[in-house]
Amino acid sequence: MSSPADTAGDWPSHAVLVEPVGSWHHSDVLVERDTELAALRAGAAATVRAGRVVLVSGEAGIGKTALVEAFLRDLPARSPVLQGGCQSLSTPPPLASMLEIAALAGGAFTAMVRAGADAPALARALLELLGARPRHVLVLEDMHWADDATLDVVRFVCRRIEDVRALVVLTYRDDELGAVHPLRVLLGDLARTRSTSRLALAPLSPAAVGPVTAWPISATCTGGPMAIRSS
Ligand SMILES: Nc1ncnc2c1ncn2[C@@H]1O[C@H](COP(=O)(O)OP(=O)(O)O)[C@@H](O)[C@H]1O
Ligand SMILES: [Mg+2]
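Since the model is a prediction, treat every value here as computed from it, not as a measurement.

**Quick look at the sheet that holds strand E2 (residues 81-85)**
Phase 1 of the analysis: Reading across from one edge, E2-E3-E4-E1-E5 is the order of the 5 strands in this open sheet, with parallel pairing throughout. Among the strands making up the open sheet, the edge pair consists of E2 and strand E5 (196-200). Adjacent strand axes in the sheet meet at a mean angle of 15° when their direction is disregarded.
Phase 2 of the analysis: For strand E1 (residues 52-57) and strand E4 (residues 166-172), the ladder comprises 6 bridges, and the chain directions are parallel. Across the sheet, Leu 55 pairs through a bridge with Leu 170, a residue of E4.

Put into structure tokens, the structure is as follows:
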């Protein structure tokens, strides 16, 4: 792999300066998200009594995945975690995220997904799976891209989450939700439940990002980590 010095001649000058953030990208260091991490940990701790849903929102690159990954890294060893995501496709295949979950879960749930079971049946099977072990964590990322069948399963699961001792973490880009976006129905449902908390991620401060990038932050910069890295 070429070093920044090898390629600097072909790049705009600012891109060379941005390069140090490449190592930050692969690092596990999470800055300025102590409150959000604590909220996720509190959500997980609360599942001793009843299931919880945490909604993590923010624009692309703000750090939703980084936050969730940091939270998962800090879970006790052998914590049961199921993790899947939705993809940016103009016609997302039905239940793509559930296929990812099924690949991790195995057993009856996987068989049902493969057999094309309907959303309520899948949701019941998923709840059963989550309830089978205490303190299960289910992460579904990029729910703004979820297909309708995934949304149905997740709605059903979230409505009954209090019955199982599991934490559901859903991430999504709030700036990509138009007034009639299908995810809004799920968010509307969840707004009325006491089992749901919301974490809206704010941009990192220049003070946090500046020393890491060693790059002068412009006055117009939003402070989103991705914005800093790729500008
Ligand atoms: N708080 C943070 N501290 C350090 N790096 C971060 C932080 N938030 C995000 N990053 C980095 O910024 C980049 C974009 O973050 P990511 O979590 O992928 O954004 P999102 O999932 O919101 O699109 C990644 O390289 C990630 O490691
Ligand atoms: Mg992400």
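From this point, things continue past the structure.
**Details of unusual backbone geometry**
Phase 1 of the analysis: A positive phi angle, close to 65°, is found at Arg 78, a residue other than glycine.
Phase 2 of the analysis: Examined against the element boundaries, Arg 78 turns out to sit in the loop between helix H5 (64-73) and E2.
Phase 3 of the analysis: The exposure class of Arg 78 is exposed, given the 7 C-beta atoms found within 10 Å.
Phase 4 of the analysis: In the Ramachandran plot, Asp 142 falls in the positive-phi region, its phi being about 55° despite a non-glycine side chain.
Phase 5 of the analysis: Along the chain, Asp 142 turns up in the loop between strand E3 (136-141) and helix H9 (148-159).

**Considering the confidence of the model for the chain**
Phase 1 of the analysis: For the chain, mean pLDDT is 83; residues scoring 70 or higher make up 79% of the total.
Phase 2 of the analysis: Scored below 50 in pLDDT, residues 1-26 shows 16 contacts in the model against residues more than four places distant or in partner chains.
Phase 3 of the analysis: In this model, residues 214-221 is a region of pLDDT below 50 whose contacts with residues beyond four sequence positions or in other chains number 8 contacts.

**Examining the pairing of E1**
Phase 1 of the analysis: Burial within E1 is extensive, with 6 of its 6 residues counted as buried.
Phase 2 of the analysis: Direction of pairing for E1 relative to E5: parallel, over a ladder of 5 bridges. Looking across to E5, one finds that Ser 57 is bridged to Ala 200.

**Regarding the nonpolar core**
As a rule of thumb, nonpolar side chains are buried together in soluble globular proteins.
Phase 1 of the analysis: One finds Leu 126, Val 157, Val 168 and Val 169 to be the most contacted residues of the largest nonpolar core, which totals 51 residues.
Phase 2 of the analysis: Sort the elements by how many residues they give to this core and helix H8 (residues 119-132) lands first, with 8 residues.
Phase 3 of the analysis: Sequence-distant contacts of Val 169, that is, excluding residues within four places in its chain, are made with Leu 40, Val 54, Val 56, Val 68, Val 137 and Val 139.

**Focus on H8**
Phase 1 of the analysis: For H8, which comprises 14 residues, the first-to-last C-alpha distance of 20 Å matches the rise-based estimate of 20 Å (1.5 Å per residue) to within 8%.
Phase 2 of the analysis: By the burial criterion, the buried members of H8 are Ala 119, Leu 122, Ala 123, Ala 125, Leu 126, Leu 127, Leu 129 and Leu 130.
Phase 3 of the analysis: Taken together, the buried residues of H8 touch helix H6 (96-105), helix H7 (107-114), E3, H9 and E4.

**Regarding the environment of Ala 103**
Phase 1 of the analysis: Relative to the helices and strands, Ala 103 is located in helix H6.
Phase 2 of the analysis: Put simply, Ala 103 and Gln 83 are 20 residues apart on the chain and 9.9 Å apart in space, counted from C-alpha to C-alpha.

**Brief notes about the packing of H7 against H8**
Phase 1 of the analysis: Contact pair H7 / H8: the axes reach a minimum separation of 9 Å and the direction vectors enclose 165°. The angle between H7 and H8 falls in the class roughly antiparallel. H8 is crossed by H7, and the crossing has left-handed handedness. Counting all contacts with H7, which are made through Ala 108, Phe 109, Met 112 and Val 113, the residues of H8 involved are Ala 121, Leu 122, Ala 125, Leu 126 and Leu 129.

**Remarks on the packing of H9 against helix H10 (residues 183-191)**
Phase 1 of the analysis: Two elements in contact, H9 and H10, have axes whose closest approach is 10 Å; the angle formed by their N-to-C orientations is 5°. As summarised for this structure, H9 and H10 are arranged roughly parallel, according to the angle between their axes. Only Leu 183, Leu 186, Asp 189 and Leu 190 of H10 make contact with H9, whose side of the interface consists of Leu 151, Val 154, Arg 155, Cys 158 and Arg 159.
Phase 2 of the analysis: Counted by class, the contact of H9 with H10 contains 6 nonpolar, no polar and 3 charged residues.

Thresholds, definitions, all that
- Residues numbered from 1 in each chain as written.
- Chains lettered and ligands numbered in written order.
- Predicted model: local features only at pLDDT ≥ 70, side-chain atom pairs only at ≥ 80, totals over all residues.
- Pairing = 2+ DSSP bridges.
- Helix = DSSP H or I, 4+ residues; strand = E, 2+ residues; numbered from the N terminus.
- Axes fitted to C-alpha atoms, helices over the stretch in contact; angles between N-to-C directions.
- Buried ≥ 20, exposed ≤ 12 C-beta atoms within 10 Å, placed from the backbone.
- pLDDT = per-residue confidence, 0-100.
- Contact = placed C-beta atoms within 7 Å.
- Core = buried A, V, L, I, M, F, W, Y, C linked by C-beta atoms within 7 Å.
- Expected span 1.5 Å × (residues − 1).
- Parallel < 35°, antiparallel > 145°, perpendicular 65-115°, else oblique.
- Left-handed = near helix turned anticlockwise from the far one by under 90°.
- Nonpolar A, V, L, I, M, F, W, Y, C, P; charged D, E, K, R; others polar.

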